[in-house]
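# Understanding the architecture of this molecule
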Amino acid sequence: MDQAQNLRNIIKKDNIKPVSKARVITVTSGKGGVGKSSISINLAITFARRGKKVIILDADFGLANIEVMLGIRPQYSLADLMFRGKSLTDIICEGPEGVGFISGGSGIQEMLDLTQDQLLNLTRRLSELDDRADIVIIDTGAGISESVMEFVMLSEEILLVATPEPTSITDAYALLKTFGRKPDYMRVNSKVELIANRVSNAEDGMELYQKLSSVSEKFLDISLKYMGAIPFDKNISKAVMQQKPIAQSYPNSPAYAAIEDIADRVLGDKVFDLSRQRKGLAELFMEVFRRAVKKSEE
Ligand SMILES: Nc1ncnc2c1ncn2[C@@H]1O[C@H](COP(=O)(O)OP(=O)(O)OP(=O)(O)O)[C@@H](O)[C@H]1O
Ligand SMILES: [Mg+2]
């Protein structure tokens, strides 16, 4: 029996079916340092204020940004759940306003080395997370590794962050090109939503969107949805220094007003409203595994 078949049997046999599925939103960018982590945490707090149960999964292995931004030091990470028997409750840190936070640690890199038992265990645990969270935000870091890239590509909802700087635009395009080249990029099921960050005015953001969407539609057959722009606002960097997200430290700032609008636009999207139509987190992990197995067999 091939490994992929094995995986399918595992899922069938144990009937790992979450009752409900979390809406998974993956925040990514071409170039690093464009505001992904700031946006992730402030969107998360806003969703929580709208009554959603939110968990941030930090797949940013660089400087562990969100930890620093929130001033929390998680004791355990996803890797401890996978390899060292920790429970979901052990690895979820309590963030501001009830937002949960999970550090990816080396988990996502290492997950392709899991044994069948560990895999079964991981999937079961992630199904619990699907039941517990309405929304899971995956914050990806700069210099995305191959395995994080798989997550991004297989995600149903991708929030692409770019700034008006020419390098950010070309790097965002390069990332989209990578999706476009993969034969199994979920062209039908995925959608890519653009956030223009650090703009000087609304026109700036719209111009960035138009540039990117026209080339990606024309050359890659990927259509982008515009989620809005966030102005350059020094309160964001101040908030980072103070380790208190602007949603809390500067709720009346222009940047937070823009993030709030974007959050409401995300929540207003009816396509992702019905949980049974979604993939959820456990299924997303399974797909990444399946693809890895398939690749290793090629
Ligand atoms: N709208 C904004 N106005 C002013 N400064 C901003 C804005 N958005 C982000 N920044 C600043 O840019 C820097 C990078 O932001 P952040 O860490 O959120 O980016 P990132 O994309 O997560 O970075 P990395 O790729 O390293 O993970 C931070 O110092 C942050 O304060
Ligand atoms: Mg970051």
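To start, this report covers the structure provided alongside it. Here the structure is a predicted model, which is why all the values come from computation and not from measurement.

## Overview of the overall build of the chain
Along the backbone of the chain there are 14 helices and 8 strands. Looking at the chain as a whole, 46% of its 298 residues qualify as buried. Here the analysis covers contacts within the chain between residues at least 6 apart in sequence; of these, 81% occur between residues at least 24 apart.

## With respect to the sheet that holds strand E6 (residues 157-162)
Read across the sheet, 8 strands follow the order E3-E4-E2-E5-E1-E6-E7-E8 without closing on themselves; strand pairing throughout is mixed. Among the strands making up the open sheet, the edge pair consists of strand E3 (93-94) and strand E8 (224-231). In this sheet, strand E5 (residues 135-140) lies alongside strand E2 (residues 54-59) in parallel orientation, the contact comprising 6 bridges. The residue bridging Ile56 from the neighbouring strand is Ile137, located in E5. Docked against the sheet, helix H10 (residues 202-220) engages E6, strand E7 (191-199) and E8, running at close to 155 degrees with respect to E8. Along the sheet, helix H13 (residues 254-267) contacts E7 and E8; its crossing angle with E8, the most-contacted strand, is approximately 160 degrees.

## Re unusual backbone geometry
For Glu97, which is not glycine, the phi torsion reads 55 degrees and is therefore positive. With respect to the helices, strands and loops of the structure, Glu97 is situated in the loop between E3 and strand E4 (100-103). Residue classification places Glu97 among the partly exposed positions, given that 15 C-beta atoms sit within 10 Å.

## A closer look at the pairing of E8
Relative to E8, E7 runs parallel, the two sharing 7 bridges. Within E8, the position partnered with Glu193 by the bridge is Lys225.

## Considerations on the environment of Ala229
Inspection of the secondary structure assignment puts Ala229 in strand E8. A C-alpha to C-alpha distance of 7.8 Å links Ala229 and Arg198, two positions 31 residues apart in sequence.

## Notes on the nonpolar core
Of all hydrophobic cores here, the largest spans 83 residues; its most connected members are Ala44, Val136 and Ile137. Residues contacting Ala44, with those up to four places away along its chain left out, are Val54, Ile56, Val99 and Ile137.

## Here's the deal with the packing of helix H2 (residues 36-49) against H13
Packing of H2 against H13 brings their axes to within 9 Å, and their N-to-C directions diverge by 65 degrees. The crossing of H2 and H13 is right-handed. Every residue of H13 that contacts H2 at Ile39, Asn42, Leu43, Thr46 and Phe47 is listed here: Tyr256, Ile259, Glu260, Ile262, Ala263 and Leu267. Taken together, the residues that form the contact of H2 with H13 break down as 8 nonpolar, 2 polar and 1 charged.

## Quick word on the environment of Ser253
Within the secondary structure, Ser253 is located in the loop between helix H12 (246-249) and H13. Taking C-alpha positions, Ser253 is 10.0 Å from Pro231, a pair spaced 22 residues apart along the chain. If we skip the residues at most four places from it in the chain, Ser253 touches Asp233, Asn235 and Ile246.

What counts, and at which threshold
Residues numbered from 1 in each chain as written. Chains lettered and ligands numbered in written order. Predicted model: local features only at pLDDT ≥ 70, side-chain atom pairs only at ≥ 80, totals over all residues. Helix = DSSP H or I, 4+ residues; strand = E, 2+ residues; numbered from the N terminus. Buried ≥ 20, exposed ≤ 12 C-beta atoms within 10 Å, placed from the backbone. Contact = placed C-beta atoms within 7 Å. Pairing = 2+ DSSP bridges. Axes fitted to C-alpha atoms, helices over the stretch in contact; angles between N-to-C directions. Core = buried A, V, L, I, M, F, W, Y, C linked by C-beta atoms within 7 Å. Left-handed = near helix turned anticlockwise from the far one by under 90°. Nonpolar A, V, L, I, M, F, W, Y, C, P; charged D, E, K, R; others polar.

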